[in-house]
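Residue strings, one per chain:
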Amino acid sequence: MAKKELIPRQPMPEQAPEVRSKNFEEVPTGQSPETAIREAERCLQCKKPVCVDGCPVGVDIPGFISLVKEGKFTAAISKVWEKNGLPAVCGRVCPQELQCEGKCIVGKKNEPVAIGNLERFVADYERMNKKASLPEKAAPTGKKIAVVGSGPSGLTVAGDLILKGHEVTLFEAFHKPGGVLVYGIPEFRLPKEIVFSEVAGLEKLGVKLECNAVVGRTISLDELFEEGYDAIYIGVGAGLPRFLNIPGENLIGILSANEYLTRSNLMKAYRYPEYDTPVIKGKNVITLGAGNVAMDSARTALRLGAETSRIVYRRSRDEVPARAAEVHHAEEEGVEFFFLTNPTKFLGNEKGRLTGMEGLKMELGEPDDSGRRRPIPIEGSEFELECDLAIIAVGAGANPLLTQSTEGLKLNKWEYIEADEKTGKTSKKGVWAGGDIVTGSATVILAMGAGRQAADSIHDYLTIGW
Amino acid sequence: MFKIIAREEMAEGTVILNEIDAPLIARKAKPGQFVILKANETGERIPLTMADTNPEKGTLTVIYMVVGKSTALFRDLKVGEGYQDIIGPLGAATHLEKVGKVVCVGGGTGVAVLHPITRGLKEVGNDITCIIGSRTKDLLIMEDLMKAASHDLRVCTDDGSYGHHGFVTDVMKEVLEEGGVNLVVGIGPVPMMKAVCKITKEFNVKTVVSLNPIMVDGTGMCGGCRVTVGGKTRFACVDGPEFDGHEVDFDELMLRLQAYTEEEKKSYNEHCNLVKQ
Ligand code: FES
């Protein structure tokens, strides 16, 4: 036992910062079978595994890790699949330090077992080798479910319900499935090919996919019921970019992170002119905000050739909402941070193009409603930063497109859909909702967790009643 | 794929009409709404306001001018071929209401956008005067259709080769001077809409315009389409595309439309060179 603890956490091999900041290839390159087995040997195989409590979808973590330890990678992926249909995605983008790994007993004294890296390893191994058999499907129930939005929560609902024997159709507004996994998260953090292969897996199981379908416009929820759907799940994401509402914000060169990332990721502007969609490539780029989306934006800017990429955040380093690993990656690549800095105005030239940003220095005052110390401006601390691209990454609100065109759907005061915390049931019969359109911007895995709960509740409804 | 079932070239081949098989969209579309089209895998998403729809047949019609690589790709699609992606109907529909005397002013391919709106306004009982124009006679489009959609059609050309010699705004001014106009709908290039609004403001006549900013998703999730209306930022793809013309900041819109001019030029030139080879 004592000897086991001496195995150090196996580092994840990565592209060197100076190399990767100029390409869109994935940053971590993945474990080898040898290092994966070595990492798996670090697991204590606890009788009461607290790591599982930390997983929003309840993956049998010790179970799959012990199979990795034995080199049974195919059996390991089947074990993960029992609870998680998107392991290649989750292994890459979950905040494990706050979830499974945050609870890991090994982590009390040493570094926790690299659960996320192992999950990613088994998922990638299976994608390369394709040896696992598809999960068993229950006998057909004859019930039809419409899943609106093909992001993480929608994909989870679709995956769960197809296995329970129902007919499932996924409706996606964009021309490609995956939602935020495809338009939002950059290639260097989550290669799109991985998302498409997970979606293809669902299609193999029988899930139907309808892209270019804007529910609320192309078809309404009530029309879906008229067409014979028995239940509907809404997982459309938050999807309304917030702006700063300061002077000059409509200058050319100021984009919401949604627009910047959608152009770059979904529309592949980073491969322009091979792909037709361009994106403004700044020399001096400023990203406003310090969440994961801001890190993705600032790092994308470097890869598109920016000479400087700066993050401007009005609070201090301690309040940064992004994952520590993302901040670390960004800093390694050369992203500079301006903390306690508040933008007040954008400056432009006669062509309406952005040339700079004016800001104020802040200091921390008393805690505010969120419990974080409120930043207050320091008088006379005005300063100017030169920039030709500013990316606004200060969060998203609820997009009203679907909710406004649907009767009987109760919203809260921020216009998110009101849904039962345990089941995802909305105020409209036969309609469930989950993910960011209920909670506001959160993580991929929380959206998947909401999807899992809703899928169970939908199944109960279809087999028992509302 | 969304198949093209009919295709026409107008205005000496610079303007193209595509009637496209898209039953779901055709069933729902209302005058004033737009679709986003993408020709192929590597293509851009291009918003176009629909010129017509036929719910029974399940088709929609778009009319566009070839101005860059994306529209050149659209032009090269033949009958039987199609668009990889079409999304819609998007945007708010025109508010169709009987108000009395309406003047509909169209310039360039704006006439195509104006057509279903004019027809809709006529159907609800308005008295329609329609003014359409182009640079020269051969570039004029949809004269017959517009004639059918209005009570009084007036045509102008900048060079005097057909109809009134001069701009649509000149003729519009004459009509406004006759009095009794309750509403103006002006759709065309931004400078034209700006000029229309300047005049109608003097006459204090409510004016609706349809804006065409750069878009990505068309569902309100990116904010690329933002325009300033009445001092407030609005998203044209969901709050519009139609707005009160007297409130629109046209100068800002004109600048914002230039965001990718360099890239567009480069793409178009490369495309043309490739085709020549
Ligand atoms: S086009 Fe993206 S919000 Fe309007």
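It should be emphasised that the depicted structure is a prediction, and the values quoted were computed from it without experimental measurement.

So, on to the overall build of chain B. Per the secondary structure count, chain B includes 9 helices and 17 strands. In terms of overall dimensions, chain B is globule-like: its C-alpha atoms have a radius of gyration of 18 Å, near the 19 Å expected for 277 residues. Projected onto the principal axes, the alpha-carbon positions of chain B cover approximately 55 × 40 × 40 Å. For chain B, with 277 residues in total, the buried portion stands at 56%. Counted over contacts in chain B with a minimum sequence separation of 6, partners at least 24 positions apart contribute 65%. Summing over all exposed atoms, chain B offers an accessible surface of approximately 11,500 Å²; the carbon and sulfur share of this is 50%. Charged side chains of chain B number 31 positive and 38 negative; the gap between the two group centres comes to 3 Å.

This paragraph deals with helix H3 (residues 110–123) of chain B. Residue and element names in this part refer to chain B. For H3, with 14 residues, the first-to-last C-alpha span of 20 Å sits near the 20 Å given by 1.5 Å per residue. Buried residues dominate H3, accounting for 11 of its 14 residues. Taken together, the buried positions of H3 are Gly-110, Val-111, Ala-112, Val-113, Leu-114, His-115, Pro-116, Ile-117, Thr-118, Gly-120 and Leu-121. After H3 finishes, the residue Gly-125 shows a positive phi value of roughly 105 degrees.

Moving on: the environment of B:Asp244. Residue and element names in this part refer to chain B. Relative to the elements of secondary structure, Asp-244 occurs in strand S17 (residues 242–244). Sequence separation of Asp-244 and Val-208 is 36 residues, and the distance between their C-alpha atoms is 4.9 Å. Polar side-chain contacts of Asp-244 include one of 2.9 Å to the backbone nitrogen of His-246.

Here we come to the sheet that holds strand S8 (residues 85–90) of chain B. All names here are of chain B. Within the open sheet, the 3 strands sit side by side as S4-S3-S8. Their pairing is antiparallel. The sheet is open, and its two edges are formed by strand S4 (46–49) and S8, each paired on a single side. Mean inter-strand twist for the sheet, computed between neighbouring axes without regard to direction, equals 25 degrees. The sheet contact formed by strand S3 (residues 34–38) and S8 spans 4 bridges and is antiparallel. Bridge pairing in S8 places Lys-38 opposite Asp-85.

This part covers helix H10 (residues 152–163) of chain A. Residue and element names in this part refer to chain A. For H10, built from 12 residues, the straight-helix expectation of 16 Å at 1.5 Å per residue is met to within 8% by its first-to-last C-alpha distance of 17 Å. The buried count for H10 comes to 11 of 12 residues, which makes it a mostly enclosed element. Just past H10, the residue Gly-165 takes up positive phi, approximately 95 degrees.

Turning our eyes to something else, we now look at empty space enclosed by the protein. With the rule as written, the count across this model stands at 3 cavities of 30 Å³ or more. There is about 160 Å³ of room inside the largest cavity. A:Glu259, B:Ile214, B:Gly224, B:Arg256 and B:Ala259 are, among the 17 residues lining the largest cavity, the residues nearest its centre. Every element with two or more residues in the lining of the largest cavity is listed here: strand S6 (254–256) and helix H14 (257–266) of chain A together with helix H8 (250–256) of chain B. Partitioned by chemical class, the residues of the lining of the largest cavity number 11 nonpolar, 2 polar and 4 charged.

Residues and elements named next belong to chain A. In spatial order, the strands read S6-S14-S7-S8-S9; together these 5 strands make up an open sheet with parallel pairing. Both outer strands of the open sheet, S6 and strand S9 (336–338), are each paired with one neighbouring strand and no more. Taken pair by pair, the neighbouring strands of this sheet meet at an average axis angle of 25 degrees, ignoring direction. This element, helix H15 (residues 292–303), spans strand S7 (284–288), strand S8 (308–312), S9 and strand S14 (389–392) of the sheet and lies at about 165 degrees to S8.

The next thing to look at is the nonpolar core. Counting residues in hydrophobic clusters, the biggest one holds 69 residues, and the most contacted among them are A:Ile61, A:Phe64, A:Ile65, A:Val68 and A:Ile458. The biggest single contributor to this core is helix H19 (residues 444–463) of chain A, with 8 residues. Ignoring sequence-local partners within four residues, the contact set of A:Phe64 consists of A:Val59, A:Ala76, A:Lys79, A:Val80, A:Ile115, A:Leu118, A:Glu119 and A:Val122. Judged by nonpolar contacts, the second largest core, of 52 residues, contains A:Phe338, B:Val168, B:Met172 and B:Val227.

With that settled, consider unusual backbone geometry. Across the junction of A:Tyr272 and A:Pro273, the peptide omega takes the value 5 degrees, indicating a cis bond. You can see A:Pro273 is positioned in the loop between H14 and S7. A cis amide bond links B:Gly240 to the next residue, B:Pro241, at an omega of 10 degrees. With respect to the element layout, B:Pro241 can be found in the loop between helix H7 (236–239) and S17. Residues other than glycine seldom take positive phi values, yet A:Gln45 does so here, at roughly 55 degrees. Relative accessible area serves as the criterion here: at 31%, A:Gln45 is assigned to the partly exposed category.

All names here are of chain A. Mapping Glu-187 onto the fold places it in the loop between helix H11 (180–183) and helix H12 (192–205). One buried charge, Glu-187, has no salt-bridge partner; the nearest side chain with opposite charge is Lys-268, at 4.6 Å. Polar side-chain contacts of Glu-187 include one of 3.2 Å to the backbone nitrogen of Lys-192. When sequence neighbours within four positions are dropped, the list of residues in contact with Glu-187 reads Phe-24, Glu-26, Lys-192, Asn-265 and Tyr-270.

The rules behind these values
Residues numbered from 1 in each chain as written. Chains lettered and ligands numbered in written order. Predicted model: local features only at pLDDT ≥ 70, side-chain atom pairs only at ≥ 80, totals over all residues. Heavy atoms only, no water. Helix = DSSP H or I, 4+ residues; strand = E, 2+ residues; numbered from the N terminus. Rg over C-alpha atoms; globule rule 2.2 N^0.38 Å. Buried < 20%, exposed > 50% of the residue type's maximum accessible area, 1.4 Å probe, protein only. Contact = heavy atoms within 4.5 Å. Areas by Shrake-Rupley, 256 points an atom, 1.4 Å probe, with all protein chains shown as cover. Lys, Arg positive; Asp, Glu negative; His and termini not counted. Charge placed at Lys NZ, Arg CZ, Asp CG, Glu CD. Expected span 1.5 Å × (residues − 1). Polar contact = N/O pair within 3.5 Å; in protein donor to acceptor, adjacent residues only side chain to side chain. Pairing = 2+ DSSP bridges. Axes fitted to C-alpha atoms, helices over the stretch in contact; angles between N-to-C directions. 1 Å grid on protein atoms, 1.4 Å probe; cavity = no way out; pocket = protein on both sides within 12 Å on 5 of 7 lines; lining within 4 Å. Points joined across faces, edges and corners; volume = space filled by probe spheres on them. Nonpolar A, V, L, I, M, F, W, Y, C, P; charged D, E, K, R; others polar. Core = buried A, V, L, I, M, F, W, Y, C linked by side-chain atoms within 4.5 Å. Salt bridge = Lys/Arg side-chain N within 4 Å of Asp/Glu carboxyl O.

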